[in-house]
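# Structural overview for review
Next come the chains, spelled out residue by residue.
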Amino acid sequence: MAERVLVKGTEAIGEAAVRAGCRLFFGYPITPQNELPEYMSKRMPEVGGSFLQTESEVATINMVYGAACTGRRVMTSTSSPGFSLMQEGVSYMAGAELPAVLVNVVRGGPGLGDIQPAQGDYWQATKGGGHGDYKLIVLAPSTLQEAVDLIGLAFDLADEYRNPVIVLADGVIGQIMEPVTFPEFRDPDTLPKHDSWALQGAVGREKHVVTSFDIDPVVLEKMNFELVDKFERIESKEKRWEEYKLDDADVVITSFGTIGRISKSVVEKAREEGIKVGLFRPITLWPFPYERLEEIVKGKKLVLDVEMNMGQMLEDVKLAVKDNAPIAFYKRMGGMVPTPEEILNALKMELGR
Amino acid sequence: MTTRIIFAGFGGQGVMLMGQILSLAGMLEGKHVTWMPSYGPEMRGGTANCTVVMSDEEVASPVTEKAEVVVAMNIPSLLKFQDDVIPNGFLFINQSVIDRDSNRTDINVIKVPCNEIADELGNLKVSNMAMLGAVVGGTDIVSTDNLFKALEKKLGSKASMIEINKQAVMKGYELAKASLVK
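Since this is a predicted model, take the numbers as computed values, not measurements.

### A closer look at the overall build of chain B
Counting its regular elements, chain B contains six helices and six strands. In sequence order, the secondary structure elements of chain B are arranged as β-α-β-β-β-α-β-β-α-α-α-α. Considered along the principal axes of its C-alpha atoms, chain B spans approximately 40 × 40 × 40 Å. Looking at chain B as a whole, 51% of its 182 residues are labelled buried. Pairs at least 24 apart in sequence give 57% of the contacts found in chain B among residues at least 6 apart.

Have a look at this one:
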């Protein structure tokens with residue numbers, strides 16, 4: 001068995017990217033994810049890759065855009081305000097169908113907010129933070145091992161669908177330490193080459209064009225339809241979630257990321273008090289597992305959605321649950337992380353206990 | 001079994017390192033473990049704390065309201081966290097800095113003169129290791145074997161410091177054992 005190592009979340013994500021074959025990293029510092037670019041600045045030269053600290057997030061995302069045009073595995077990481085600055089480039093990349101992995105270690109907002117953990121970028125990530133019709137695949141890890149695993153998946157999905165993939169973490173995932181087992185190193189030479197479209201030198205072949213632009217609306221609409229087809233393909237194939245102790249549950253907690261794992265403690269504590277609670281945790285925030293959640297909540301007494309934002313995933317939960325069960329919501333914001341005890345109290349209030 | 005430990009003190013007292021070494025020792029012992037720091041501007045000369053959760057099962061929440069063990073390295077930490085100790089839990093007080101008693105009577109309070117122990121050994125920097133030794137002596141949460149292994153791993157690049165750190169750990173360890181017997 002591979003060795004378990006105790007690592008910080010940001011470093012776990014960085015090492016996982018290196019092992020997935022990422023050899024290009026561009027970034028600009030912002031708390032709480034600074035250890036990630038720092039790690040990559042040390043690691044990239046060791047594996048023959050390139051690390052570049054840019055002058056701004058706008059420069060970063062456009063360098064990622066350029067690098068992704070070559071079909072090589074490229075990543076950047078940032079935190080909320082930084083990701084907002086990147087949105088124009090993200091929209092361009094989605095339009096140009098470019099694979100890349102974007103890590104957002106979410107902090108308190110809006111605006112400058114603070115540097116503590118939050119989940120207020122759910123809408124930005126899942127509903128499109130930039131302009132135009134596009135979707136990003138959004139993966140939300142709740143443990144460091146899952147973060148490591150999802151980084152590998154993120155690169156694979158980005159390659160498979162030629163689409164940017166977000167790994168949506170938060171300050172807790174970024175800053176905690178936990179033992180993880182890293183996967184084996186992928187050999188960059190064995191990864192998808194993207195010869196059919198990538199810009200890797202045009203000598204002896206037809207020219208390739210990578211663009212999100214066409215002045216002719218007839219042609220652009222055709223590009224839009226092709227994108228929509230792709231998004232529908234992703235929706236039908238890539239929904240992922242975790243179910244925890246749902247079989248005999250009267251109450252379903254829905255939560256993602258860090259709150260997803262904190263909710264597991266709530267499930268345990270509630271069961272100690274005789275309240276049968278289970279957890280439904282979406283792992284892909286887009287595509288959101290609507291159908292499965294709808295199926296699960298039928299006949300349940302209560303669905304309690306818990307988030308570190310004003311109720312963003314709550315809208316998707318409502319779309320899934322419909323009128324199959326009553327929905328309650330518990331929130332913390334501004335960088336406050338709820339404890340299991342606090343969520344359990346909120347749950348008991350809702351149940352009138 | 002799950003044990004939650006809060007380490008708290010001034011930035012610079014080695015609070016984060018104590019938690020990291022204990023976490024590493026827990027991992028070497030085959031346990032599940034998380035280490036969660038407070039982070040932000042308050043770390044510069046203000047208070048710093050970290051929460052370690054160690055369990056036989058996968059750790060669900062890395063954050064907690066209550067703790068089986070609280071380690072207070074300074075007065076603000078004592079005031080902030082002493083009420084979070086569960087009944088019959090442990091409160092470790094850095095006696096060198098904290099000149100008062102806890103208000104709790106339903107828990108085990110162990111006072112550790114961290115600075116005096118470190119001073120006696122000739123290096124004030126190891127005062128946090130005296131405390132860490134006391135925590136392990138008081139709670140037996142990990143073996144001293146694994147604690148030493150973790151210490152060596154963490155201080156690998158400062159090999160010359162390992163021996164004195166171990167001595168500090170053992171002083172704290174024995175002091176905690178002795179105070180439990182009383």
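### Considerations on the interface of chain A and chain B
Between chain A and chain B, the residue contacts involve 21 residues of the former and 18 residues of the latter. Secondary structure elements with two or more residues in the side of chain A that touches chain B: β1 (4–8), α8 (171–175), β8 (177–181), α10 (257–272) and α13 (340–351) of chain A. Examining the composition of the side of chain A that touches chain B, we find that five residues originate from one element, α10 of chain A, more than from any other. The residue makeup of the side of chain A that touches chain B, split by class, is ten nonpolar, four polar and seven charged.

### Remarks on the sheet that holds strand β9 (residues 241–244) of chain A
Backbone-to-backbone hydrogen bonds join strands into a sheet, with any given pair of strands oriented parallel or antiparallel. Residue and element names in this part refer to chain A. Reading across the sheet, the five strands line up as β9-β11-β10-β13-β14 and stay open at both edges, with mixed pairing between neighbours. On the outer flanks of this sheet lie β9 and β14 (327–331), each paired with one strand and no other. On average, each strand axis in the sheet is inclined to that of its neighbour by 20 degrees, with strand direction left out of account. Pairing of strand β13 (residues 302–307) with β14 involves five bridges; the strand directions are parallel. If you follow L304 over to β14, its bridge partner there is A328. Against the sheet, α10 makes contact with β9, β10 (251–254), β11 (277–282) and β13, and its axis sits at roughly 170 degrees relative to β11, the strand it touches most. Along the sheet, helix α12 (residues 313–321) makes contact with β10, β13 and β14, crossing β13 at roughly 160 degrees.

The rules behind these values
Residues numbered from 1 in each chain as written. Chains lettered and ligands numbered in written order. Predicted model: local features only at pLDDT ≥ 70, side-chain atom pairs only at ≥ 80, totals over all residues. Helix = DSSP H or I, 4+ residues; strand = E, 2+ residues; numbered from the N terminus. Buried ≥ 20, exposed ≤ 12 C-beta atoms within 10 Å, placed from the backbone. Contact = placed C-beta atoms within 7 Å. Nonpolar A, V, L, I, M, F, W, Y, C, P; charged D, E, K, R; others polar. Pairing = 2+ DSSP bridges. Axes fitted to C-alpha atoms, helices over the stretch in contact; angles between N-to-C directions.

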